[in-house]
Amino acid sequence: MAVLWSLLLAGSAMPAVPARFTALPAGERLQRLDDFRDSLPAGARRRLDRALPRSAGGGIARCDHIDRSRASCESAAYLPALRTTGLLPRFLATLRKPGDRASGR
């Protein structure tokens, strides 16, 4: 997952993802992303949901037929949706603690 986040952010002016986030188990990363989604104002949440369609069961539709960890798939699916909607910097800001350096450590 850390490699996927690094590839997504490569070449952008955005800060690195804090290592403490990428080190979390997939389920905890997904919970952080879902919590972020739930905290968004209605309009931003709708924008994200359009970029990240859900299945009837509530999960992310593109991960319905995977052979690996569903939590890993769903947390990875958030990445392009956050970038497309312009919400990635806002999400990354929620991961930083006061005193974190721009490198994300």
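A few words now on the packing of aromatic side chains. In the structure shown here, the tally under the stated rule is one aromatic pair. Ring centres of Phe 36 and Phe 91 lie 5.3 Å apart, and the angle between their planes is 70 degrees; this geometry places the pair in the edge-to-face category. Taken together, the positions of Phe 36 in helix H3 (residues 26-39) and Phe 91 in helix H6 (residues 88-95) put the pair 55 residues apart, joining distant regions of the chain. Take Phe 36 and Phe 91: they sit in the same class, and that class is buried.

As a further point, take helix H5 (residues 70-85). When the terminal C-alpha atoms of H5 are compared, their 23 Å separation across 16 residues agrees well with the 22 Å that a helix rising 1.5 Å per residue should span. A large share of H5 lies buried, amounting to twelve of its 16 residues. Count one or two residues on from H5 and you reach Gly 86, which has phi positive near 80 degrees.

Attention now goes to the nonpolar core. Grouped together as the largest cluster of nonpolar side chains are 21 residues, with contacts concentrated most on Leu 48, Tyr 78, Leu 82, Leu 87 and Phe 91. A total of five residues in this core trace back to one element, the largest contributor, which is H5. Leave out the neighbours within four places in its chain, and Leu 48 touches Arg 37, Leu 40, Tyr 78, Ala 81, Leu 82, Thr 85 and Leu 87.

Further remarks concern the pattern of salt bridges. All chains considered together, the criterion is met by five salt bridges. The salt bridge involving Asp 49 is made with Arg 37; its shortest N-O contact spans 2.7 Å. Of this pair, Asp 49 sits in helix H4 (residues 42-51) while Arg 37 sits in helix H3; the two residues are twelve residues apart in sequence, bridging distant segments of the chain. Given a relative accessible area of 17%, Arg 37 falls into the buried group. Linking Arg 70 and Glu 74 is a salt bridge whose minimum nitrogen-to-oxygen distance equals 2.9 Å. Of this pair, Arg 70 and Glu 74 both sit in helix H5, four residues apart, roughly one helical turn. Of the residues examined, Arg 70 reaches a relative accessible area of 32% and is grouped as partly exposed. A cluster of three or more residues bridged by salt bridges with shared partners is formed by Arg 37, Asp 38 and Asp 49.

Criteria and thresholds
- Residues numbered from 1 in each chain as written.
- Predicted model: local features only at pLDDT ≥ 70, side-chain atom pairs only at ≥ 80, totals over all residues.
- Heavy atoms only, no water.
- Phe/Tyr/Trp six-rings, centres within 6.5 Å; stacked < 30°, edge-to-face > 60°.
- Helix = DSSP H or I, 4+ residues; strand = E, 2+ residues; numbered from the N terminus.
- Buried < 20%, exposed > 50% of the residue type's maximum accessible area, 1.4 Å probe, protein only.
- Expected span 1.5 Å × (residues − 1).
- Core = buried A, V, L, I, M, F, W, Y, C linked by side-chain atoms within 4.5 Å.
- Contact = heavy atoms within 4.5 Å.
- Salt bridge = Lys/Arg side-chain N within 4 Å of Asp/Glu carboxyl O.

Shape descriptors only; they carry no functional weight alone.
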